[in-house]
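Listed here are the chains, written in short residue letters.
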Amino acid sequence: MRSRSLAILSALVVLALSAGCQPAGLAARDQEGASRERSVRAPTLGVDISVWSGRVTDAEMECFWDHGVRHVVVGTQEPGIATQQMEMAINHGMSVDAYVYLVWSRDVRAQVRDAIAFASRYPVGILWLDMEDDPGSLGAGALEDRVAQAAEACGDYPCGVYTGGWWWNEHMGRSEVVTDLPLWYAYYDHDPSLATYPSQRVGAWGTPWAKQFDGDLRLCGIDVDLDTIPVMVPASRPHVGLPAAAPGVPAAPTNLSPTGYERVASWLDVRVMSDSVPGATSYELAVEAWNGTRYATYYTYTSTTSARSFSPSISDTTYRFRVRATNAAGTGAWSSWSYFQRGAVSGRPPEPGASPSDPAPSDPAPSDPAPSDPAPSDPAPSDPAPSDPAPSDPAPSDPAGLGAPSPADGARVTGASITMTRGALSGSHTYAFEIQYGAATGWAHYYDYAGSASSRTFWPAYASTAYRWRVAVDGGAPSAWATVLFGAGAVAPGTSDPAPSDPVPSDPAPSDPAPSDPAPAGAPTNLSPSGGTVTTDAVTLRCDPVASATSYELAIEVASGASFVPYYTYTSSTPSKTFYPATHATTYRFRVRARTSAGWSPWSTSATFGYR
């Protein structure tokens, strides 16, 4: 992530507003059949946001305005988040567009129709067709057909093309299949002027409509890209700033989100938030998780804004949270509870509601916020500081029927592997093992296993290290932790409970090879991507298929200074795997091995690529 000062952004505003622009026309697809009058206006400073940006607060939108932003382009990837972002932008006096990220392996017509159904609810000027997804095995002709299908699906709705030379020039060349549509191109030279286009040309477009001149930066605490872009439909509401603070302690926050048992996909962080309270200087966001019997304290975050992102360490469960605000006069009342679910959850637990007798979560006093709480402009709030106070582990008591842990809590293991078990329960069950390792700053996530076996063997990647593990049966509450001192000199971290084990890019993934497996000759070859820079949200790693292979392991590392550190190891039944890198503007490398009836092959050589 790259930060920018207010002074630099103010200069960009001036440049954006003064940039010359002769945008390409909307051709015959322009306004015919459109329900609103559209007219081209001078270029302005805009931002585009997406599902990765999360929901935004009133205060963050006001911060955008203070930095000169007047236009917002909203990604349609996740309807709940897109709706909230769009309505926030409109309510704060911004003009709006929308974009749809086209996935070539799916029906592009349906993707465009769904995006138009969303955009038609709002005063959107242009729906941008985002063309940057990896076409995979599609040939040039098949890809051109899909591009044409996406444009045709727009019908009379005004559409444009978002892409960059790195994608269009490589895959489409000088194709003119959609050059009658406006071009919004990405070129991160930090220069908002459209006059730079002659040296940054994309395909056969003679003149661009808009430019994305800076990407993947944090503005007002939100992950955004910066754009110079003309406005087709003016803002439908005047800008009105935040109301003045009322005297006394802050009122209880309202309009919490997510709410109504909204399902948050397991691949997304959760951004809990409420409306901003005028005059509030800090907020507490108390989160609880359902442990099968009751809602147990998970964590209470302190923030200078009414929002906080986190990666829940407990998947496939129901959460609830509430918020209270603090100002110079003191701390106000808690809001009502708001409920959401993350991952695959069946049914809803009983809802106790927010009784006045509910004990407040045990967290730091609001008048003494943790000094490590990040300011809004600090790095992503989804990466909690290691010194954050720890949440209580839910369900400290063991599920009924489990035996004593083996190895026993505190035991030392000096062999090559660790076999974990709490004994088998009668009947057919699923056992989910969670493992953490002792890092320099405390316990950190290591690996999760799940299956029908009541025991699990793994080969630790780190010698002379403490590991701890617990097991949950059939999705119920986990057992107590059992610590294993692996190798010589291992010492367990402090006895305080860890912060939620958010997976972080530097958490190593275990290679977990069975040392007794014979390795057949012939490592995987022709790894991709290899060299160059990937600019899409997702990266698909590939290698040539290995004859008779039943599975593959793809071990990824990320650059850390002058060396590489483990990032994650994926298992796949095919010689490809798509993942979403968490660290931008850096270098990754990966290698692959294949498993056949003879065992694991040798690892391939590593393929390296940049990611931004």
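Criteria and cut-off values
Residues numbered from 1 in each chain as written. Predicted model: local features only at pLDDT ≥ 70, side-chain atom pairs only at ≥ 80, totals over all residues. Heavy atoms only, no water. Helix = DSSP H or I, 4+ residues; strand = E, 2+ residues; numbered from the N terminus. Buried < 20%, exposed > 50% of the residue type's maximum accessible area, 1.4 Å probe, protein only. Areas by Shrake-Rupley, 256 points an atom, 1.4 Å probe, with all protein chains shown as cover. Core = buried A, V, L, I, M, F, W, Y, C linked by side-chain atoms within 4.5 Å. Contact = heavy atoms within 4.5 Å. Polar contact = N/O pair within 3.5 Å; in protein donor to acceptor, adjacent residues only side chain to side chain. Expected span 1.5 Å × (residues − 1). Pairing = 2+ DSSP bridges. Axes fitted to C-alpha atoms, helices over the stretch in contact; angles between N-to-C directions. Patch = residues over 30% accessible without salt bridge, like charges linked within 9 Å, V, L, I, M, F, W, Y side chains within 5 Å. Salt bridge = Lys/Arg side-chain N within 4 Å of Asp/Glu carboxyl O. pLDDT = per-residue confidence, 0-100. 1 Å grid on protein atoms, 1.4 Å probe; cavity = no way out; pocket = protein on both sides within 12 Å on 5 of 7 lines; lining within 4 Å. Points joined across faces, edges and corners; volume = space filled by probe spheres on them. Parallel < 35°, antiparallel > 145°, perpendicular 65-115°, else oblique. Left-handed = near helix turned anticlockwise from the far one by under 90°. Nonpolar A, V, L, I, M, F, W, Y, C, P; charged D, E, K, R; others polar. Phe/Tyr/Trp six-rings, centres within 6.5 Å; stacked < 30°, edge-to-face > 60°.

Draft legend 1. Looking closely at the overall build of the chain. Looking only at helices and strands, the chain has 6 helices and 31 strands in total. Burial analysis of the chain (612 residues in total) assigns 51% to the buried set. Of the accessible surface of the chain, which amounts to about 25,300 Å², a share of 52% is contributed by carbon and sulfur atoms.

Draft legend 2. Geometry of the nonpolar core. Counting residues in each nonpolar core, the largest one holds 58 residues, and the members touching the most others are Phe64 and Leu129. A total of 6 residues in this core trace back to one element, the largest contributor, which is helix H4 (residues 108-119). In contact with Phe64, other than residues within four places in its own chain, are Val47, Val69, Met94, Leu219, Cys220, Ile222 and Val224. Core analysis: the second largest hydrophobic core is formed by 22 residues, Leu285, Ala289, Phe310 and Ala325 among them.

Draft legend 3. Structural detail: the side chain of Arg320. Mapping Arg320 onto the fold places it in strand S14 (residues 317-327). By relative accessible area, Arg320 is classed as buried at 6%. Side-chain polar atoms of Arg320 contact the side chain of Tyr339, separated by 3.3 Å.

Draft legend 4. Quick peek at H4. In this model, H4 (12 residues) spans 16 Å end to end at C-alpha, consistent with the 16 Å of a helix rising 1.5 Å per residue. Summarising the contacts, the buried residues of H4 are in contact with helix H3 (79-91), strand S3 (95-101), strand S4 (124-130) and helix H5 (140-153).

Draft legend 5. The arrangement of the sheet that holds strand S5 (residues 159-163) in detail. Judged by pairing direction, the barrel is mixed, and its 8 strands sit side by side in the order S1-S2-S3-S4-S5-S6-S7-S8 before closing back on the first. Across the sheet, the mean angle separating the axes of adjacent strands is 30° when strand polarity is ignored. In terms of strand pairing, strand S6 (residues 183-186) meets strand S7 (residues 210-219) through 3 bridges, oriented parallel. Its bridge partner lying in S7, Ala186 is registered against Gln212. Its contacts with the sheet place helix H2 (residues 58-66) against strand S1 (43-49), strand S2 (71-75), S7 and strand S8 (222-230), and it is angled at close to 40° to S8. Those strands touched by H4 are S3 and S4, and its axis lies near 155° from that of S4.

Draft legend 6. Structural detail: a nonpolar patch on the surface. A contiguous nonpolar patch, built from Trp52, Trp267 and Tyr580 and spanning about 340 Å² of accessible area, is present on the exposed surface. You can see Tyr580 is positioned in the loop between strand S28 (576-579) and strand S29 (586-596). Relative accessible area serves as the criterion here: at 43%, Tyr580 is assigned to the partly exposed category.

Draft legend 7. Focus on the confidence of the model for the chain. When pLDDT is averaged along the chain, the result is 80, and 80% of the positions lie at 70 or above. Low pLDDT, under 50, characterises residues 1-36; the stretch is placed with 82 contacts to residues that sit more than four places away or in other chains. This model gives residues 354-396 a pLDDT under 50, and the stretch forms 80 contacts once residues within four places in sequence are excluded.

Draft legend 8. Representation of the layout of surface pockets. If you add up the space inside the second largest pocket, you get close to 850 Å³. Listed by contribution, the elements that provide at least two residues to the lining of the second largest pocket are H3, S3, H4 and strand S25 (539-542).

Draft legend 9. Representation of the packing of H4 against H5 in the model. Look at H4 against H5: their axes get within 8 Å of each other, and the N-to-C directions meet at 30°. Looking at the two axes, H4 sits roughly parallel to H5. Crossing angle aside, the handedness with which H4 passes H5 is right-handed. Contacts from Val108, Arg109, Val112 and Ile116 of H4 reach H5 at Arg146, Gln149, Ala150 and Ala153. Of the residues assigned to the contact of H4 with H5, the class counts are 5 nonpolar, 1 polar and 2 charged.

Draft legend 10. Layout of the pattern of salt bridges. For the coordinates displayed, the defined rule picks out 9 salt bridges. In this structure, Arg271 and Glu60 form a salt bridge, with 2.6 Å as the shortest nitrogen-oxygen distance. On the criterion of sequence distance, the pair formed by Arg271 in strand S10 (residues 270-273) and Glu60 in helix H2 is long-range, its members being 211 residues apart. Grouping residues by exposure puts Arg271 and Glu60 together as buried.

Draft legend 11. A look at the packing of aromatic side chains. Tallied over the entire structure, the rule returns 29 aromatic pairs. Pairing Trp104 with Trp167 gives two aromatic rings, centres 5.8 Å apart and planes at 20°, and the pair type is stacked. With Trp104 in the loop between S3 and H4 and Trp167 in helix H6 (residues 165-171), this residue pair connects regions lying 63 residues apart in the sequence. Assessed through its relative accessible area of 2%, Trp104 is described here as buried. Here Trp167 falls in the buried class, since its relative accessible area comes to 2%. Ring plane angle 80° and centroid distance 6.1 Å describe the contact between Tyr467 and Phe486, whose orientation is recorded as edge-to-face.

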